[in-house]
Amino acid sequence: MATGDSREDRLDALLEETRVFAPPAAFAAAANVRDPEVYERAAADPAAFWAEQAAGLRWMRPYTDVLAGAVPHVRWFAGGRLNVADNCVDRHCEGPRRNKAALLWVAESGETRTITYQQLQREVARCANVLRSLGVRRGDRVGIYMGMVPEAVVAMLACARIGAPHTVVFGGFSAEALRERLVDAQCKVLITQDGAYRRGNVVALLQNAASAVRGAPPVERVLVLRRIGAPALAAELPAGMQVDWQQAMADASTDCPCEPMDSEDVLYILYTSGTTGKPKGIVHTTAGYLLGVATTHRWIFDLKEDDVYWCTADIGWVTGHSYVLYGPLCNGATTVLYEGTPDYPGRDRHWRIVEELGVNVYYTAPTTIRTFMRWGPQEPAHADLSSLRLLGSVGEPINPEAWMWYHEHIGGGRCPIVDTWWQTETGMIMITPLPGIVPTKPGSATRPFPAVGAEVLDERGLPVGPGAGGNLVLTQPWPAMARTIFGDDERFVRQYWSRYSGKYLTGDGARVDADGYFWLLGRVDDVMNVSGHRLSTYEIESALVDHASVAEAAVIGRFDAVKGQAIAAFVTLKETGSGGVGGAGTDGLKADLKQHVGRKIGPIARPDDIFFTAELPKTRSGKIMRRLLRDIAEGRALGDTTTLADPAVVQSLKEQYEEAGEGAD
Ligand code: PRX
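In short, a report on the structure. Quantities reported herein were computed from a predicted structural model and do not represent experimental measurements.

**With respect to the pairing of strand 20 (residues 417–420)**
- Where burial is concerned, the two faces of strand 20 agree: the one with Ile417 and Asp419 and the one with Val418 and Thr420 are both buried.
- Here four bridges tie strand 19 (residues 390–394) to strand 20, and the two strands are oriented parallel to one another. Bridge assignment links Gly392 to a residue of strand 20, and that residue is Val418.
- Each parallel crossover has a hand, and the one from strand 19 via helix 16 (residues 400–410) to strand 20 is right-handed.

**Some thoughts on the site of the ligand**
- Every one of the 17 residues lining the ligand counts as a neighbour, but Asp419, Thr420, Thr424, Asp508 and Arg534 are closest to it.
- In the environment of the ligand, a nitrogen atom lies 3.3 Å from a nitrogen or oxygen atom belonging to the backbone of Glu396.
- Contacts to the ligand include Thr420, whose backbone N or O atom sits 2.7 Å from a nitrogen atom.
- For the ligand, the protein covers 96% of the area, taking 540 Å² as the surface of the free molecule.

**Focus: the packing of aromatic side chains**
- Per the counting criterion, the structure on display carries 31 aromatic pairs.
- Their ring planes at 70° and their centres at 4.9 Å tell us that Tyr63 and Phe77 sit as a pair that is edge-to-face. Taken together, the positions of Tyr63 in the loop between helix 4 (46–54) and strand 1 (65–68) and Phe77 in strand 2 (residues 75–78) put the pair 14 residues apart, joining distant regions of the chain.
- Accessibility expressed as a relative area gives 23% for Tyr63, which makes it partly exposed.
- Arranged with centres 6.0 Å apart and planes meeting at 85°, the rings of Phe170 and Phe173 form a pair that is edge-to-face. Phe173 carries the same exposure label as Phe170, and that label is buried.
- Among the aromatic residues, those joined into a ring-pair cluster are Trp310, Tyr338, Trp351, Tyr362, Phe372, Trp375 and Tyr406.

**Points about the environment of Thr641**
- Structurally, the position occupied by Thr641 is in the loop between helix 20 (626–633) and helix 21 (648–660).
- Through-space distance from the C-alpha of Thr641 to that of Pro617 is 9.4 Å; in sequence the pair is 24 residues apart.

**Remarks on the pattern of salt bridges**
- Per the stated rule, a full pass over the model turns up 44 salt bridges.
- Between Arg370 and Glu396 there is a salt bridge, with its nearest N and O atoms 3.0 Å apart. Taken together, the residues span a long stretch of sequence, with Arg370 in helix 14 (residues 366–375) and Glu396 in the loop between strand 19 and helix 16 at a distance of 26 residues. Here the two residues Arg370 and Glu396 agree in accessibility, since each one is buried.
- The salt bridge involving Glu459 is made with Arg499; its shortest N-O contact spans 2.5 Å. With a gap of 40 residues between them, Glu459 in the loop between strand 21 (454–457) and strand 22 (469–474) and Arg499 in the loop between helix 17 (489–497) and strand 24 (504–512) connect regions that are remote in the sequence.
- Given a relative accessible area of 35%, Arg499 falls into the partly exposed group.
- Look at the salt bridges and you will find they share partners, linking Arg132, Arg138, Glu259 and Asp265 into a network.

The rules behind the values
- Residues numbered from 1 in each chain as written.
- Predicted model: local features only at pLDDT ≥ 70, side-chain atom pairs only at ≥ 80, totals over all residues.
- Heavy atoms only, no water.
- Buried < 20%, exposed > 50% of the residue type's maximum accessible area, 1.4 Å probe, protein only.
- Helix = DSSP H or I, 4+ residues; strand = E, 2+ residues; numbered from the N terminus.
- Pairing = 2+ DSSP bridges.
- Right-handed = clockwise from strand over helix to strand, strands pointing away.
- Near = heavy atom within 4 Å.
- Polar contact = N/O pair within 3.5 Å; in protein donor to acceptor, adjacent residues only side chain to side chain.
- Areas by Shrake-Rupley, 256 points an atom, 1.4 Å probe, with all protein chains shown as cover.
- Phe/Tyr/Trp six-rings, centres within 6.5 Å; stacked < 30°, edge-to-face > 60°.
- Salt bridge = Lys/Arg side-chain N within 4 Å of Asp/Glu carboxyl O.

Structure, rendered in structure tokens:
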């Protein structure tokens, strides 16, 4: 199985030399989940397991069935009603958590803000009233395009409070990417900010938002937070369309009852890259999602009442939704939000924050860990990290070297590491250790969470034996599962639920070892994972082909030691076009193409390498053979080339690659 990752090649050796880390005795003794039998009990009756957990939510009307219908169109907690903002905020204000910090915010400048549950409640209610005054009604979609500021959390919860599904678009996406999502979701209102701080610079969010909205007719109003302090109004938009956040909030009442939502009402839509150029609006609903993220958060991160918990993900990704906001706040936790990057003003920024806030649980991505490794152990060594009790990893397979470095230099050898596998579509963590009872092996996400069913199947749908690779599938419904793709249920069914009858196809390859541990191998489809960001090869190809000089493009993810994957683009130029003469490209054109992709999608999608080629390797039926391009970009011997229409094409590309050296430009 081709995975676009050198991990599989190394896995045999790895499995042999693997060390096993038992949960430290002191940790295990105090862990929230201490009884290993929980796995058998949950497997015997998954519905009973989830029902038991559901008693921890505040319901406005009890449900009648834990699970109704058949996959993929199931209904969890059918007949029940609750409100997510009520569960994440209001109910905590009725007891001792009232004055507990809900959010600890650290601005890039170093300014900090503590927002208690009671303060958060008032802000959310105010914002909900502002949205209502802008005409947002239950069921209307609201776009959110913001940085890591507390107001982003307030905005999301305000939407939940009035039953308006939000669609958060990562602040690193371009105006065009934003517009596409706003139009697809038919957002009525967009919430943004004048600018966001990043490494001391200002990212022009409002400018992008204004340009996006001009081509997105469903958006009627734009609510603008003044974060930078510059005049908030964008010249490009009619003044009447823009509303000043600070002013509107000052005028709004704090009285706003929570809308009773059906369990299956939509909580949010989050766009993610699939295998076509068009991003998919993944739909998550109310009760099951909330239950899934709250339960996994409490069990996997071993949450204690006085913990300071920090998940470093941006609110624009699913990890930000599930494990910065909804899971932690539903559990009444204190969750940290940091506005900036790990290297600003110094490369010890995260460790200074851990020290200052006394962070107990830290959850980040392997690409970030590998970046820290490159910066060296002296950065964390200067900070007091003794408050840390547990570490987490998410977003891509973690290589054992990074796992060991994390364990030693961040965890001081004493903190268990939870390597959590999941996806935008799964909503919640699916494969992970429970840190008090599951021994860990560096590089393995270990085993499915209780009541979660996972298998690795071969092409015929049969489970592969220990050590063999195959397709990772999920075998039974789980409460936080995506319910559909917004506006395209047919694609949802086809993509995830058709390959193996009744089972969810993850798109990831995996192996299971003799102990039943899962080893993730990366994507088996045309989805890339670049620094933990999910991108489709087709999306980037479309952006390249949109450039006046480009005739055709093929994009692949090649192995990269820090980012996991880097983007390599193979480009054929038009015979006549700016910068390209007869198919030959210049360095100037390379730079221009990178910039073009950055403008179309966002800086995260800019190719790392660009190769110009007179032709792309294709099969006789005209299909581009990405597998061969991957071999070329990773400097490997070429795989089977017998189906190629013209074998000379890859040979010349390979020579070009070797001449340029890896990371050619
Ligand atoms: O390939 C898997 C990888 O990230 C993909 C999901 O990406 P996204 O929907 O953007 O969500 C990222 C955050 C949950 C998966 O299909 N992935 C995520 N976590 C892991 C992982 N691969 C290996 N190990 C993980 N812990």
